[in-house]
Amino acid sequence: RVKEDGKNNFQFYAPSMNEIVSKKMQLENGMRKALKQNEFRVVYQPQVEVATGKIIGVEALLRWHHPEWGVISPAEFIPIAEETGLILPIGEWVLHEACLQNKTWQQNGYQPLRMAVNISSRQFQQSNLVEMVRDTLTKTGLHPSFLELELTESIIQDSNQAVHKMQQLRDMGIHLSIDDFGTGYSSLSYLKTFPINTLKIDQTFTRNIYTDPKDASLVDTIINMAHNLNLKVIAEGVETEEQLQFLETKNCNEAQGYYFSRPISAEDLEVILGEEVA
Ligand code: C2E
Ligand code: MG
Ligand code: MG
Ligand code: MG
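Residues numbered from 1 in each chain as written. Chains lettered and ligands numbered in written order. Predicted model: local features only at pLDDT ≥ 70, side-chain atom pairs only at ≥ 80, totals over all residues. Heavy atoms only, no water.

Colleague: Explain the overall build of the chain here, please?
Modeller: Tallying secondary structure elements over the chain gives 12 helices and 9 strands in all. Taking 19 Å as the expected radius of gyration for a compact globule of 278 residues, we find that the chain reaches 20 Å, a close match to that expectation. Across its three principal directions, the C-alpha atoms of the chain cover 60 × 45 × 45 Å. Looking at the chain residue by residue over its 278 residues, the buried ones come to 44%. Taking all contacts inside the chain whose residues are at least 6 apart in sequence as the whole, residues at least 24 apart take part in 67%. Summed over all atoms, the accessible surface of the chain reaches about 14600 Å², with 50% contributed by carbon and sulfur. (Helix = DSSP H or I, 4+ residues; strand = E, 2+ residues; numbered from the N terminus. Rg over C-alpha atoms; globule rule 2.2 N^0.38 Å. Buried < 20%, exposed > 50% of the residue type's maximum accessible area, 1.4 Å probe, protein only. Contact = heavy atoms within 4.5 Å. Areas by Shrake-Rupley, 256 points an atom, 1.4 Å probe, with all protein chains shown as cover.)

Encoded structure:
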């Protein structure tokens, strides 16, 4: 519609370049402050073993509680954090927070959980990533086998470097997964060379598995392919009983989504974990 209105009207519909730039700068300055003033929080979303219904892991997801702007979605600020490089200190903070939380749960007698932490491509490319991760595990005392790093297909750009780094992380005992699998425009050949453990099926596929035979068949195919390559599969975005049943018949290993729980605070998760044991 904007195009049909002619170029003279364009400015009435789209934010001006100045507005976009100043919004970005506001967010960038806001994020710098947020780190110093403790405005970031981590919430945790359970990952459930399909066959048993047990919680076996959680994904750490970042939240920003700004004193005036309210809660800002990571979809809005993570891309700008990537662009500006702020993702490096923010990502390090998230990793530390998540590892410390997992260690604390273990010390308090909760069942051992795997903690999944999102690593953006800029973070993955930083030269001292492996050292940073190792230091964080040492500082928090978390055993590496209880940490999983979620990577995206975009890291494939620099394939040789990527494989080397992944191997170093795997050698430490850390698990690696590919997030949003199937949404990047990359060839599948990396599945042969990347030392990964798990594929996370993106929620855009999971959403319609019960209603759209094409999505059903894509998900079925991804699960079979993954299993043939000795990889585990987690389906993201599971919201209904029907979706879960479908995944169960296809032997999907794990599931995550609002059907089980939204991402919640550590305290709220403790309530659920307590109920599971009882
Ligand atoms: P993601 O890693 O793919 O995380 C899954 C997103 O789907 C989360 O959104 C989660 O809240 C949402 N979700 C989970 N279950 C359902 C469901 O059943 N239905 C629907 N509709 N959505 C569901 P969130 O928390 O807003 O995060 C968005 C993205 O921001 C994440 O996608 C991830 O790419 C990025 N992100 C979040 N936290 C971090 C972080 O600490 N570091 C980095 N680098 N990226 C992060
Ligand atoms: Mg993720
Ligand atoms: Mg995802
Ligand atoms: Mg995503």
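Colleague: Help me out: how do you make sense of a nonpolar patch on the surface in this one?
Modeller: Together, Met17, Ile20, Val21 and Met25 give the surface a local cluster of nonpolar side chains, amounting to about 380 Å² of exposed area. Examined against the element boundaries, Val21 turns out to sit in helix α2 (residues 17-36). By relative accessible area, which is 40% here, Val21 ends up partly exposed. (Patch = residues over 30% accessible without salt bridge, like charges linked within 9 Å, V, L, I, M, F, W, Y side chains within 5 Å. Salt bridge = Lys/Arg side-chain N within 4 Å of Asp/Glu carboxyl O.)

Colleague: Can you walk me through the site of ligand 1 in this structure?
Modeller: Near ligand 1 you find 23 residues, and of these Arg63, Asn118, Asp179, Glu239 and Tyr258 are the closest. A distance of 3.0 Å separates an oxygen atom of ligand 1 from a polar side-chain atom of Glu59. A distance of 2.5 Å separates a nitrogen atom of ligand 1 from a polar side-chain atom of Glu239. Relative to its unbound accessible area of 800 Å², ligand 1 is 82% covered by the protein chains. Sorting the residues of the shell around ligand 1 by element identifies β2 (55-66), α3 (74-84), α4 (87-107) and β6 (175-181) as the ones contributing at least two each. For the shell around ligand 1, the leading source of residues is β2, giving 4 residues. Its residues assigned to classes, the shell around ligand 1 shows 9 nonpolar, 7 polar and 7 charged. (Near = heavy atom within 4 Å. Polar contact = N/O pair within 3.5 Å; in protein donor to acceptor, adjacent residues only side chain to side chain. Nonpolar A, V, L, I, M, F, W, Y, C, P; charged D, E, K, R; others polar.)

Colleague: Explanation requested: helix α11 (residues 241-249) in the structure shown.
Modeller: For an α-helix the count is 3.6 residues per turn, leaving residues at separations of three or four pointing the same way. Gln243, Leu244, Phe246 and Leu247 are the residues of α11 that are buried. Projected down its long axis, α11 shows its buried positions confined to an angular sector of 160 degrees, all on one face. Looking at the buried residues of α11, the elements they touch are α9 (203-206), α10 (213-228), β8 (232-235) and β9 (254-255). A positive phi of about 60 degrees marks Asn251, the residue just after α11. (Arc of directions from axis to C-beta.)

Colleague: Explain the pairing of β8 here, please?
Modeller: Taken residue by residue, a regular strand's side chains alternate between the two faces of the sheet. When strand β7 (residues 198-201) meets β8, the two strands line up parallel, connected through 4 bridges. Looking at β8, one finds that Leu199 is bridged to Val233. At this point the chain moves from β8, through α11, to the parallel β9, and the crossover so formed is right-handed. (Pairing = 2+ DSSP bridges. Right-handed = clockwise from strand over helix to strand, strands pointing away.)

Colleague: How do you make sense of the coordination of the magnesium ion (ligand 3) when you look at a structure like this?
Modeller: Under ideal tetrahedral coordination, the four donors around a metal are separated by 109.5 degrees; under ideal octahedral coordination, the six donors are separated by 90 or 180 degrees. Within the protein, Asp179 (OD), Asp180 (OD), Glu236 (OE) and Glu236 (OE) serve as the donor atoms for the magnesium ion (ligand 3), at 2.0 to 2.7 Å. For the magnesium ion (ligand 3), all donor residues lie on one chain, and their spacing in sequence is D-D-x55-E. Here the magnesium ion (ligand 3) and the magnesium ion (ligand 2) are spaced 4.1 Å apart, linked through Asp179, which binds each one. A residue pair is termed long-range when its members are at least 10 positions apart, and Asp180 in strand β6 and Glu236 in the loop between β8 and α11 qualify at 56 residues. A relative accessible area of 28% places Asp180 in the partly exposed class. For Glu236, a relative accessible area of 9% corresponds to the buried category. (Donors = N, O, S within 2.8 Å, 3.2 Å for Na, K, Ca; no water.)

Colleague: Help me understand the nonpolar core in this model?
Modeller: Inside soluble globular proteins, nonpolar side chains tend to come together where they are buried. Counting 75 residues, the largest nonpolar core has Val133, Leu147, Leu149 and Leu169 as its most contacted members. It is α4 that provides the largest number of residues to this core, a total of 7 residues. Among residues more than four places away in sequence, those in contact with Leu147 are Leu95, Cys99, Met115, Val117, Val133, Leu137, Leu142, Ile174 and His175. (Core = buried A, V, L, I, M, F, W, Y, C linked by side-chain atoms within 4.5 Å.)

Colleague: When you look at unusual backbone geometry in this model, what are you seeing that I'm missing?
Modeller: Keep in mind that most residues, glycine aside, have a negative phi and that most peptide bonds are trans. One non-glycine residue, Asn38, lies in positive phi territory at about 65 degrees. Its location among the elements puts Asn38 in the loop between α2 and β1 (40-49). Phi is positive for Asn251, close to 60 degrees, though the residue is something other than glycine. Here Asn251 is to be found in the loop between α11 and β9.

Colleague: Would you mind showing me how to read the packing of aromatic side chains here?
Modeller: Each aromatic ring pair is described using two quantities: the centre-to-centre distance and the angle formed by the ring planes. Per the stated rule, a full pass over the model turns up 8 aromatic pairs. Ring geometry for Phe40 and Trp64: centres 5.7 Å apart, planes at 50 degrees, overall tilted. Here the residue Phe40 occupies a position in strand β1, and Trp64 occupies one in strand β2, the gap between them amounting to 24 residues. For the pair Phe40 and Trp64, one class covers both residues: buried. Aromatic side chains Phe40 and Phe77 sit 5.8 Å apart centroid to centroid with 40 degrees between the ring planes, which places their arrangement in the tilted category. Residue Phe40 is located in strand β1, and its partner Phe77 is located in helix α3; the two are separated by 37 residues in the primary sequence. Given a relative accessible area of 2%, Phe40 falls into the buried group. Connected via pairs of aromatic rings, a cluster forms that spans Phe40, Trp64, Trp69, Phe77 and Trp93. (Phe/Tyr/Trp six-rings, centres within 6.5 Å; stacked < 30°, edge-to-face > 60°.)

Distances and angles like these do not, on their own, reveal function.
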